[in-house]
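Secondary and tertiary structure notes
Chain by chain, the residues run as shown.
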Amino acid sequence: MSETAYSPVSHHLTDIESAREEGRRKMDWALQHMPILNALREEFETAQPLAGETIAMAMHVEAKTANLVELLADGGAEVAITGCNPLSTHDDVSAALDAHESITSYAVRGVDDEAYYDAMHACLAHEPTITVDDGMDMVKLVHEEYPGLIDSVVGGAEETTTGVDRLRAMDADGELKYPVFAVNDTPMKRLFDNVHGTGESSLATIAMTTNLSWAGKNVVVGGYGQCGKGVAKKASGQNANVVVCEVDPRKALEAHMEGYEVLPMVEAAKKGDVFITTTGNRDVITREHFEEMQDGVLLANAGHFDVEVNLDDLADLAVDRYEVRDGVEGYEMEDGRVLNVIAEGRLVNLAAPLALGHPVEVMDQSFGVQAVVVRELAENGESYEPGVHDVPDDLDREVAEIKLAAEGVEHDTLTDEQREYMNSWEHGT
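Since the model is a prediction, treat every value here as computed from it, not as a measurement.

**Points about empty space enclosed by the protein**
In this approach the atoms are scanned with a rolling probe the size of a water molecule, which exposes any empty space left behind. Applying the stated criterion to the full structure yields 2 cavities of 30 Å³ or more. The calculated volume of the largest cavity comes to roughly 60 Å³. Surrounding the largest cavity, 13 residues form its lining, T82, G83, V108, V111 and Y116 being those nearest its centre. Broken down by secondary-structure element, the contributors of at least two residues to the lining of the largest cavity are β2 (78-83) and α5 (113-124). Here the residues of the lining of the largest cavity are counted per class, giving 9 nonpolar, 4 polar and no charged. Of the pockets and cavities examined, the second largest cavity occupies roughly 30 Å³. Contributing to the lining of the second largest cavity are I206, T210, L212, S213, W214, K217, V274 and L298. Its residues placed into classes, the lining of the second largest cavity shows 5 nonpolar, 2 polar and 1 charged.

**Some words on the layout of surface pockets**
Of the voids in this model, the largest pocket is the one considered here, and its volume is about 970 Å³. Lining the largest pocket are 47 residues, and of these T161, C227, T278, T279 and G280 sit closest to its centre. Listing elements by their share of the lining of the largest pocket, those giving two or more residues are α3 (63-74), α7 (161-172), α8 (187-210), α9 (226-237), α14 (348-351) and α15 (360-380). When residues in the lining of the largest pocket are grouped by element, the largest group, 5 residues, is from α8. The residue makeup of the lining of the largest pocket, split by class, is 12 nonpolar, 21 polar and 14 charged.

**Digging into the packing of aromatic side chains**
To describe a pair of aromatic rings, you give the distance between the ring centres and the angle between the ring planes. Enumeration according to the criterion identifies 4 aromatic pairs in this entry. Arranged with centres 6.4 Å apart and planes meeting at 50°, the rings of Y6 and Y106 form a pair that is tilted. Separated by 100 residues along the polypeptide, Y6 in the segment before α1 (16-31) and Y106 in the loop between β3 (103-105) and α5 bring together distant segments of the chain. Its relative accessible area of 2% is what places Y106 among the buried residues. Judged by centre distance (6.0 Å) and plane angle (65°), the ring pair of Y224 and Y260 falls under edge-to-face. Of this pair, Y224 sits in the loop between β7 (218-222) and α9 while Y260 sits in the loop between α10 (249-257) and β9 (261-262), placing them 36 residues apart in sequence. Overall, Y224 belongs to the buried group, its relative accessible area being 4%.

Rules of the game
- Residues numbered from 1 in each chain as written.
- Predicted model: local features only at pLDDT ≥ 70, side-chain atom pairs only at ≥ 80, totals over all residues.
- Heavy atoms only, no water.
- 1 Å grid on protein atoms, 1.4 Å probe; cavity = no way out; pocket = protein on both sides within 12 Å on 5 of 7 lines; lining within 4 Å.
- Points joined across faces, edges and corners; volume = space filled by probe spheres on them.
- Helix = DSSP H or I, 4+ residues; strand = E, 2+ residues; numbered from the N terminus.
- Nonpolar A, V, L, I, M, F, W, Y, C, P; charged D, E, K, R; others polar.
- Phe/Tyr/Trp six-rings, centres within 6.5 Å; stacked < 30°, edge-to-face > 60°.
- Buried < 20%, exposed > 50% of the residue type's maximum accessible area, 1.4 Å probe, protein only.

Okay, here's the thing in structure tokens:
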């Protein structure tokens, strides 16, 4: 692997052996509950489908992700990884990964913006043939500052809604120069990770960080996409009163017909106890909303970047700021109200001090899709044109079949006659 100016995580920690031991313990626990990655590991170790590939990754470096990273390395790849959020890295897990002979981890928790991008540059110095992203920062950097790599990159994979949205905008402008699979959009990711993963982990993290109950609270959910649906469903299941704010009329109608109250954010601001943004867009909650909020509200973001709750506006309004408890910052208004921001407005289920991310079983499915997509790029990458691509349905189904087998769940299959009927236009009344 190439030498780079930015040092791997091992150079940033004082007790590296203890960190590696604890990181490995976390990874081993997670792997016990990841039957898809375990099944793929057997295949990858034997077949070595990634031999000769170099993979650059920008991901949330914690135990579940680490098991995907090791799977890719054990499948024959050289891997360089860094974080995709300064507050989501677990240093001990990063250290455990860096001990693997085929993995270099540059992920360090709590770095500033300069170090965040220095680590990403370090990954790209390894001259990857495949990129794996969570938010699209790596793809963007390749295109803007490493155009010489584009011809040797066979393709990439993107994990998140935000990243896929950015990639589609890039593709529409004719600027995306290699194929990238929209892992986020495939059913095994969208129907489980986005709904159950985001909903469960966001609410659990907020509850652990604040030690407060959901029962009877007015929970305002910004956005009713797959992630918003999950947050709303899980909050309702914990006896909260859910209010949904949406800009899309169809999604607003869907929320209304699911039984939720639908309001503009400026009206929801007057009654909410907890606000959770899930849109992937900026300025979901701004000055006009802060001015209407009650004393003691909680503000959290479950979207990818820290732009959904406008903290510049909040800081302008505040006469004082202070740490209320670990992971919660209070902004005191001129009239004495205190608005509480969790995890600095960053992705709450990964950036809060107690955050552990999505449940293990959910991420096993998403990372299973990531793994088979990387395998597809290594084996057939040349058959895909530059641009955003849907994950081939047979790969998504492969991951589902592995999961069902692990759960001991049997299901029906189509007969030849049924398959012919479904594929024919000639059958009528």
